[in-house]
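A closer look at the structure
The primary structure of each chain is shown beneath.
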Amino acid sequence: MRTRRVLVTSALAAVFAVAPLGSATAEPFPDIIPIPTGSLPEGIATGTGTSIYAGSRADGSVWLGDLRTGEGDILVEGTEGRMAVGMKVRNGLLFVSGGSFGDAYVYDATTGAEVAVLDLTDGPAFINDVTVTRDAAYFTNSSAAELYAVELSAGVPTGSVETLPLTGEWQQVAGFNANGIAATPNGSMLLVINSTTGILYNVDPRTGEAVAVDTGGTSLTQGDGILLRGKTLYVVRNQSNVVVELRMSSDYLSATHVADLTDPDFDVPTTIAAQGSRLYVVNARFTAPPGPTTEHDIVKIDGE
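Residues numbered from 1 in each chain as written. Predicted model: local features only at pLDDT ≥ 70, side-chain atom pairs only at ≥ 80, totals over all residues. Heavy atoms only, no water.

1. Regarding the overall build of the protein
Applicable threshold: Per the convention used, a helix needs a DSSP run of H or I reaching at least four residues, while a strand needs a run of E reaching at least two, with both numbered from the N terminus. For the radius of gyration, the atom set is restricted to C-alpha positions; the globular benchmark scales as 2.2 Å times the number of residues to the power 0.38. Here's how the labels work: a residue is buried when its accessible area is under 20% of the maximum for its type, exposed when over 50%, partly exposed in between, all with a 1.4 Å probe on protein chains only. Residues are treated as being in contact if the distance between any of their heavy atoms lies within 4.5 Å. Per-residue and other accessible areas were derived by the Shrake-Rupley procedure at a 1.4 Å probe size, with only the shown protein chains allowed to occlude residues. Positive: Lys, Arg. Negative: Asp, Glu. His and the chain ends are not part of the count. Note on charges: their place is set at NZ of Lys, CZ of Arg, CG of Asp or CD of Glu.
Scanning the protein for helices and strands turns up 0 helices and 26 strands. Computed over its C-alpha atoms, the radius of gyration of the protein comes to 18 Å, within 12% of the 19 Å expected for a compact globule of 304 residues. Taking the principal axes of its C-alpha atoms as reference, the protein extends roughly 55 × 45 × 35 Å. With 304 residues in all, the protein has 56% of them scored as buried. Of all intrachain contacts in the protein linking residues separated by at least 6 positions in sequence, the fraction that spans at least 24 positions is 50%. Counting every atom, the protein has about 12,100 Å² of accessible surface; 49% of that belongs to carbon and sulfur. Taking the average place of the 17 positive charges on the side chains of the protein and the average place of its 34 negative ones, the gap between the two points comes to 6 Å.

What follows is the structure, encoded as structure tokens:
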């Protein structure tokens, strides 16, 4: 395992609840929330109140919206040489995966001020998703069999990044590999989906040793973002346009299929986030020609 040191910005803005955006007369909690055209979104995350964030693979910008009104605006301006892929909000900070640039970024979730730039790897990279525990933020790399553990102190990156090789039963194959990641409530285990093989793994966050989870033959190929709520795990199968709901065992080593969640508004959803009892996915629209006029949106899953 190797350790990397990075610069952490010293100034942190105070964290406040996000004020509602837009008119109070709009229909509350719309089923479809438009996000900036041409942004090539992949990751979303919910924050305090009814706030939701969506990142851009085109320029690394981050949009902040309100699930109640469906309106929003750019929180983090885009810049050349950055991507924003999977993201999570914790302790007033927004942790963002940096895709093919091998980096990750941390922003103040209210002001958008840059808190840290994390140099995760100089090797093959697509930094795809992140989960945050009390002690660390863990990032996946779809192009290499390794995770990156960013040390936290009082919720803030210290500047220490540890590379965790994925070992044990992990199978690294051609194509995209480690993608969605979620930590168990106490942070003692990580769940990681391999997009190409469809294998779900239970990973030791201290060593990187992986054990395949017995999903009873449930197909999880094209697995992208995942969301763990208690013992319920949601796996987004992007180009299959379905979210698979699983019930995890007490040791998180096996899972039972509960349901396949679909919606006519799905158009290659990639990541999933929750606000209260509501579930939302973002349409990455990988099959649509990318361009400045390509439309994208966030979809509330029907029935939630």
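2. What about the environment of V236?
With respect to the helices, strands and loops of the structure, V236 is situated in strand β21 (residues 232-237). A residue is classified by how much of its surface remains accessible, and V236, at 0% relative accessible area, is buried. When the C-alpha atoms of V236 and I226 are compared, they prove to be 6.2 Å apart, with 10 residues separating the residues in sequence. Discounting chain neighbours no more than four positions away, the residues touching V236 are Q222, G223, D224, G225, V242, V243, P269, T270, T271 and I272.

3. Overview of the nonpolar core
The condition is simple: For the purposes of this section, nonpolar cores are sets of buried Ala, Val, Leu, Ile, Met, Phe, Trp, Tyr and Cys residues that join through side-chain atoms within 4.5 Å.
The biggest cluster of nonpolar side chains holds 18 residues, and the ones touching the most others in it are F95, V106, L118, L120, A137, F139 and V150. In terms of nonpolar packing, the next biggest core, distinct from the first, is built from 16 residues, A178, I181, L190 and A210 among them.

4. Notes on the environment of G43
Mapped onto the fold, G43 is located in the loop between β2 (32-35) and β3 (44-46). Taking C-alpha positions, G43 is 16 Å from A137, a pair spaced 94 residues apart along the chain. In this structure, G43 is in contact with Y53, A54, G55, V85, G86, M87, T271 and V282, ignoring residues within four places of it in sequence.

5. Topic: the sheet that holds strand β19 (residues 209-212)
Note the threshold: Should DSSP find at least two bridges between two strands, the strands are taken to pair.
A sheet is described by the order of its strands in space; here 5 strands give the open sequence β15-β19-β18-β17-β16, paired in mixed fashion. Strands at the two margins of the open sheet, each flanked by one partner only, are β15 (167-168) and β16 (178-183). When strand β17 (residues 190-194) meets strand β18 (residues 200-203), the two strands line up antiparallel, connected through 4 bridges. The partner of L191 across the bridge, within β18, is N202.

6. Structural notes on the sheet that holds strand β9 (residues 103-108)
Note the threshold: Axis lines are fitted to C-alpha atoms, over the contacting stretch for helices. Their N-to-C directions set the angle, which ranges from 0 to 180 degrees.
Within the open sheet, the 4 strands sit side by side as β7-β8-β9-β10. Their pairing is antiparallel. Every interior strand has two partners, whereas the edge strands, β7 (87-90) and β10 (114-119), have only one. In this sheet, adjacent strand axes meet at a mean angle of 15° when their direction is disregarded.

7. Focus: the side chain of T69
The following threshold applies: Any pair of nitrogen or oxygen atoms within 3.5 Å is treated as a polar contact; in protein, a donor-acceptor pairing is required on top of that, and neighbouring residues in sequence qualify only through side-chain atoms on both sides.
Here T69 is to be found in the loop between β5 (62-66) and β6 (72-76). Only 3.2 Å separates the side chain of T69 from the backbone nitrogen of E71, close enough to count as a polar contact.

As far as function goes, none of this settles anything; it's purely spatial.
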